[in-house]
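Structure at a glance
Each chain, written out:
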Amino acid sequence: MGYFAVAFSLGIIAKQAGLTAAIGFVSSFFTRASAGEYGVYTLVAAQAAYVEIVAMCLVTNLRYMLMSAALSQKIAPGTSWLHRVLMACCVTDEIFGISIARKRYCPPTYTYSAALISTLLWASGCAAGIVAGGMLPTAIVAALSVALYGMFLAIIMPPARNDRYVLYAVAASFVLSGACSVAPVVSHWSSGTRTIVLTVVISAVVAWWKPIKMEDADGQA
C-alpha cells in the first residue's frame, strides 16, 4: 500500500507531463524509484533531451550501487550470473531493507517474489494517479504517502532494538541527513549524493567502532 500511495502521487505528476496511463505503468514497472521517476517526469514536461534524463537518473539513483554491493554478500556462492543480474535489477530501498535483514542468504525466488508484488503495486499506482489526475486533494495524497515511511520503520526498528550500535547508526543517519539538507555547500548536492556520502561515512565509523566478528568454516572467529 505504501508503494501504491507514493506511485499514485507520481502518477499525478506524470499526468501533468502528458503521459498516458499505459506509458506510466510501463515506465514505473521498469524504474521503481520515486526520486528518479519524479525527475524523469519533470524533465519530460520540460521537453529535456534524452541524455539529460539519463544523466539525472544516474546521479539520483547512485545509492543503488552501494545497496547492490552490500546485497552481493547475501547471494549464495553458487548462484548463476544471470540470477545475479536479474536480482540486481530488482533492487529498491525496501527490497534492500528486507533482504539485508535476513540472517541467511537471499535466494533468487525471495528477491523475485518481493519485486513482483512491489512492482505491480508501484506501476498500478502510477497508472491510477494518471487516470485520477488532480481529482484528489494534495493533503490526502500526502497522507497516503506516509505509509511508505511506516514500511521503512518496520524494516529498521527490529534490528535497532536488538543491537544498540545499529540504533546509534540509525539515529546518526536521521540527524546528519537533516543537518546536511540545510548545511552550506552540502545542501546543494543532490539527495542521492548526500545519501551515498552519509552511508559510507556512518557505516565506516560504526564498522571501525564495533566490528562484526566473522567465523570461518571451522567456526573459529
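Every value quoted in this text rests on a predicted model; they were computed, and no experiment measured them.

1. So, the overall build of the protein chain
- A count of helical and extended segments in the protein chain gives eleven helices and zero strands.
- Sequence-ordered secondary structure for the protein chain, helices as α and strands as β, is α-α-α-α-α-α-α-α-α-α-α.
- Residues classed as buried in the protein chain amount to 33% of the 221 residues present.
- Of the contacts made within the protein chain by residues no fewer than 6 positions apart, 72% connect residues no fewer than 24 positions apart.
- On the protein chain, roughly 13,400 Å² of surface is accessible, and the fraction owed to carbon and sulfur atoms is 71%.

2. Re the packing of helix 1 (residues 2-16) against helix 3 (residues 34-45)
- The contact between helix 1 and helix 3 brings their axes to 9 Å, and the two run at 10 degrees. Considering the angle they form, helix 1 stands roughly parallel to helix 3. Each of Val-6, Leu-10, Ile-13 and Ala-14 in helix 1 lies in contact with helix 3, whose residues at this interface are Ser-34, Glu-37, Tyr-38 and Tyr-41.

3. Structural notes on the environment of Met-135
- With respect to the helices, strands and loops of the structure, Met-135 is situated in the loop between helix 8 (108-132) and helix 9 (138-162).
- Linking Met-135 and Ile-12, residues 123 residues apart in sequence, is a C-alpha distance of 9.2 Å.

4. Describing the pattern of salt bridges
- A full pass over the atoms with the stated rule returns one salt bridge.
- With its nearest N and O atoms 3.1 Å apart, the salt bridge here joins Arg-63 to Asp-93. Of the two residues, Arg-63 sits in helix 5 (residues 63-71) while Asp-93 sits in helix 7 (residues 93-100), which places them 30 residues apart along the sequence. For the pair Arg-63 and Asp-93, a shared accessibility class is recorded, and that class is buried.

5. Notes on the side chain of Arg-194
- Following the sequence through the fold, Arg-194 ends up in helix 11 (residues 191-209).
- There is no salt bridge for the buried Arg-194, and the closest opposite charge comes from Asp-93, which lies 13 Å off by N-O distance.
- In terms of polar contacts, Arg-194 uses its side chain to reach the backbone carbonyl oxygen of Ser-187, at 3.3 Å.
- Engagement of the side chain of Arg-194 in a polar contact is seen with the backbone oxygen of Trp-189, the distance being 2.8 Å.
- The contacts of Arg-194, once residues within four sequence positions are left out, are Cys-180, Ser-181, Val-186, Ser-187 and Trp-189.

6. Digging into the environment of Ser-99
- By secondary structure assignment, the location of Ser-99 is in helix 7.
- Here Ser-99 is in contact with Leu-71, Lys-74, Cys-106 and Tyr-110, once residues within four sequence places are set aside.

7. A word on the packing of helix 6 (residues 81-89) against helix 8
- Helix 8 packs onto helix 6 with a crossing angle of 30 degrees between their chain directions and a minimal axis gap of 10 Å. Between helix 6 and helix 8, the angle falls in the class roughly parallel. In the crossing of helix 6 with helix 8, the sense of the turn from one axis to the other is left-handed. Note on element contacts: helix 8 touches helix 6 through Pro-108, Thr-111 and Tyr-112, opposite His-83, Leu-86 and Met-87.
- Partitioned by chemical class, the residues of the contact of helix 6 with helix 8 number four nonpolar, two polar and no charged.

8. So, the confidence of the model for the protein chain
- Of all residues in the protein chain, 87% attain a pLDDT of 70 or more, and the chain-wide mean is 82.
- A low-confidence stretch, residues 216-221 stays under pLDDT 50, and its non-local contacts, those more than four residues away or across chains, total four contacts.

9. Re helix 4 (residues 50-60)
- Looking only at helix 4, the buried set comprises Ile-53, Met-56 and Thr-60. Along the long axis of helix 4, the arc covered by the buried residues comes to 65 degrees, so they all point the same way. Structural note: helix 4 exposes Tyr-50, Val-51 and Leu-58 on the side pointing more than 90 degrees away from its buried face.

10. Description of the nonpolar core
- Ranked by size, the top nonpolar core spans 14 residues in total, and within it Ala-14, Leu-19, Val-40, Tyr-41, Trp-122, Cys-126 and Ile-130 carry the most contacts.
- At the level of elements, helix 1, helix 3, helix 4 and helix 8 are the ones that each hand at least two residues to this core.
- In terms of residue count, the dominant contributor to this core is helix 1 (five residues).
- In contact with Trp-122, not counting residues within four places along its chain, are Tyr-3, Val-6, Ala-7, Leu-10, Ser-28, Arg-32, Ala-33, Ser-34 and Glu-37.

About the thresholds
- Residues numbered from 1 in each chain as written.
- Predicted model: local features only at pLDDT ≥ 70, side-chain atom pairs only at ≥ 80, totals over all residues.
- Heavy atoms only, no water.
- Helix = DSSP H or I, 4+ residues; strand = E, 2+ residues; numbered from the N terminus.
- Buried < 20%, exposed > 50% of the residue type's maximum accessible area, 1.4 Å probe, protein only.
- Contact = heavy atoms within 4.5 Å.
- Areas by Shrake-Rupley, 256 points an atom, 1.4 Å probe, with all protein chains shown as cover.
- Axes fitted to C-alpha atoms, helices over the stretch in contact; angles between N-to-C directions.
- Parallel < 35°, antiparallel > 145°, perpendicular 65-115°, else oblique.
- Salt bridge = Lys/Arg side-chain N within 4 Å of Asp/Glu carboxyl O.
- Lys, Arg positive; Asp, Glu negative; His and termini not counted.
- Polar contact = N/O pair within 3.5 Å; in protein donor to acceptor, adjacent residues only side chain to side chain.
- Left-handed = near helix turned anticlockwise from the far one by under 90°.
- Nonpolar A, V, L, I, M, F, W, Y, C, P; charged D, E, K, R; others polar.
- pLDDT = per-residue confidence, 0-100.
- Arc of directions from axis to C-beta.
- Core = buried A, V, L, I, M, F, W, Y, C linked by side-chain atoms within 4.5 Å.

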